[in-house]
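# Descriptive structure summary
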Amino acid sequence: MKRGSISHFITRTLIAALPLAMLVVTYLLTDPFRVIRHYDDGTGARSDTVRFSVNAGWVAITNFERYQPTYRYDSFIFGSSMSQNFSVAHWQQYLPEGSRAYHMDQSMETIEGMTDKLRWLLSRGDTVRHALIIIEQEMLLREPIDDDFLFARPPQTLTLPFATVRFHITAFNSFKDPDFLSWRFTDGDIRSAWGLRFATTDIQDRIKECNESYYARFDSLIAVDPEEYYTPERLRRIDVTVEPTPERPAIDRHRLDRLLSLRDMLHRHHSDYNIIIVPRFKRTMLHPSDRAVLIALFGAGRVHDFSHDTVLADNPHYYYDHAAHPTSATCRLLLDLTYQAIAE
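Described below are features of the structure shown in this document. Model, not experiment: these values are computed from the prediction.

### Details of helix α4 (residues 111-123)
The terminal C-alpha atoms of α4, which comprises 13 residues, lie 18 Å apart, in line with the 18 Å expected from a rise of 1.5 Å per residue. Within α4, ten of the 13 residues are buried, which leaves the element mostly enclosed by the surrounding structure. When α4 is considered as a whole, its buried residues turn out to be I111, G113, M114, T115, D116, K117, L118, W120, L121 and L122. For α4, the secondary structure elements touched by its buried residues are α2 (56-71), β2 (75-79), β3 (101-105), β4 (130-135) and α11 (253-268). After α4 finishes, the residue G125 shows a positive phi value of roughly 90°.

So, in structure tokens, the structure goes:
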């Protein structure tokens, strides 16, 4: 190839690569998903009124790595977003004095994801004296969603080759989507499809030392004047079609193996643990066969199934939203009922 042809080829290649290079630079400078640099608040907060979504599992792990040398956590709350309103302070009332608890949650968490986090903790030499495992019926069916940045498992907990590289590629692929770029850097309308996915006006308060998120404003309204929070409009949004109990159980051989792995690690390290199956407003209840399997695996005294509690499942005032996230008051009630049953 002649020198002029080589120069022409290099020039064309550089020009073709320029848009991608600009995207990479913009991604690194803006760090839209907060995975490049460290942030004290650990959230995607943009202002006092709008918060961008981030990967909750990444926040949980990186926040833990920062504070563990100081606080030496030994008790953990595992679960999906359904677990985030379980108060560390309230749980610690039922734990031995001196216990130090931490939220190890993940959006759209799976049994496999919780097992990964537990394995990671133990491989580091951390102590897991107590575990509170929060499960919803859908979790038994859910598979890891590693190709979606918001729900991808944190790479620190994985033994897969190039897990960190894959995680960041997934984040960058989400960033360079033309629709996301248009939304993020132009209109920013939180009512759009991307806005509903990546932003919210429901700003949570945080106790970053234990990775706890809660709605102080909502909780205050509910406690003082429930009708001011549960307006007719909000209740209409919360209302959903009743989902019947599934005809078939969710736990097959594959999922049973994952549950066995989780149980064996807890037993091998002599962890004291309890499993709470949360109620969901008008949602699917745990299949009786799945309940029997969980009890057979973990023991009747450790499995606390509230999914069949019709008082909780039929009343929208126990939840914040149509996704049926239990309120902080509901989570305190579930903890109290759980430990009352243990004491009996």
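Read on, since the account is not over.
### What about the packing of α4 against α11?
Closest axis-to-axis distance for the α4/α11 pair is 9 Å, and the angle between their directions is 25°. Considered as vectors, α4 and α11 are oriented roughly parallel to each other. Here the hand of the crossing between α4 and α11 comes out left-handed. Contacts from I111, E112, T115, L118, R119 and L122 of α4 reach α11 at R258, L259, S261, L262, M265 and L266. Looking at side-chain class alone, the contact of α4 with α11 contains seven nonpolar, two polar and three charged residues.

### Section: the nonpolar core
Side chains of nonpolar character tend, in soluble globular proteins, to be buried together. Of all hydrophobic cores here, the largest spans 35 residues; its most connected members are F76, F78, M104 and I135. Counting residues per element, the ones that place at least two in this core are α2, β2, β3, α4, β4, α11, β8 (272-277) and α12 (288-298). Counting residues per element, this core draws most heavily on α4, which supplies six residues. Of all hydrophobic cores here, the second largest spans 28 residues; its members include L95, F306, L312 and L334.

### Here we look at empty space enclosed by the protein
A full pass over the atoms with the stated rule returns three cavities of 30 Å³ or more. Taken as a whole, the largest cavity holds about 50 Å³ of empty space. Forming the boundary of the largest cavity are I111, M139, L140, R142, R255, R258 and L259. In terms of residues, the lining of the largest cavity owes the most to one element, α11, which gives three residues.

### Notes on the pattern of salt bridges
Per the counting criterion, the structure on display carries 19 salt bridges. Measuring nitrogen to oxygen at the nearest pair gives 3.0 Å for the salt bridge that ties R263 to D264. Judged by relative accessible area, which is 32%, D264 ranks as partly exposed. Among the ionic pairs, D272 bridges to R302, the shortest N-O distance being 3.3 Å. In this pair, D272 sits in strand β8 while R302 sits in the loop between α12 and β9 (303-305), placing the two residues 30 residues apart along the sequence. According to the relative accessible area criterion, D272 is partly exposed, its value standing at 35%. Residues joined in a network through salt bridges with shared partners are E112, D116, R119, E143, D146, R153, D252, R255 and R258.

The rules behind the values
Per-chain numbering applies: the sequence of each chain, read as written, is numbered from 1 onward. pLDDT decides what is reported in this predicted model: residues at 70 or higher carry local features, side-chain atom pairs at 80 or more are listed and counted, and totals for whole chains, interfaces and linings draw on all residues regardless. In computing side-chain values, all of the structure's heavy atoms are included and hydrogens and water are not. Secondary structure counts use DSSP, requiring at least four H or I residues in a row for a helix and at least two E residues in a row for a strand, with both numbered from the N terminus. In this scheme, a helix's expected span is set at 1.5 Å multiplied by one less than its residue total. Burial classes follow relative accessibility: with a 1.4 Å probe on protein chains only, a residue under 20% of its type's maximum area counts as buried, one over 50% as exposed, and anything between as partly exposed. In this description, contact between two residues means that some pair of their heavy atoms is separated by no more than 4.5 Å. Only the contacting stretch of a helix is used when fitting its axis, a line to C-alpha atoms as for every element, and angles between N-to-C directions run 0 to 180 degrees. Angular relationships are summarised with four words: roughly parallel below 35 degrees, roughly antiparallel beyond 145, roughly perpendicular across 65 to 115, and oblique for the angles in between. Helix crossings are classified by the rotation of the near helix relative to the far one: an anticlockwise turn of less than a right angle makes the crossing left-handed, while a clockwise turn makes it right-handed. Under the scheme applied, nonpolar residues are Ala, Val, Leu, Ile, Met, Phe, Trp, Tyr, Cys and Pro; charged residues are Asp, Glu, Lys and Arg; polar residues are all the others, including Gly. For our purposes a nonpolar core is just a set of buried Ala, Val, Leu, Ile, Met, Phe, Trp, Tyr and Cys residues, chained together by side-chain atoms within 4.5 Å. Only protein atoms enter the 1 Å grid used here. Points where a 1.4 Å probe fits but cannot escape make up a cavity, open sets with protein on both sides within 12 Å along at least five of seven lines make up a pocket, and a residue lines them when an atom lies within 4 Å of a point. Grid points are joined across faces, edges and corners, and a volume is the space filled by probe spheres set on the points. For this analysis, a salt bridge means a side-chain nitrogen from Lys or Arg found within 4 Å of a carboxyl oxygen belonging to Asp or Glu.

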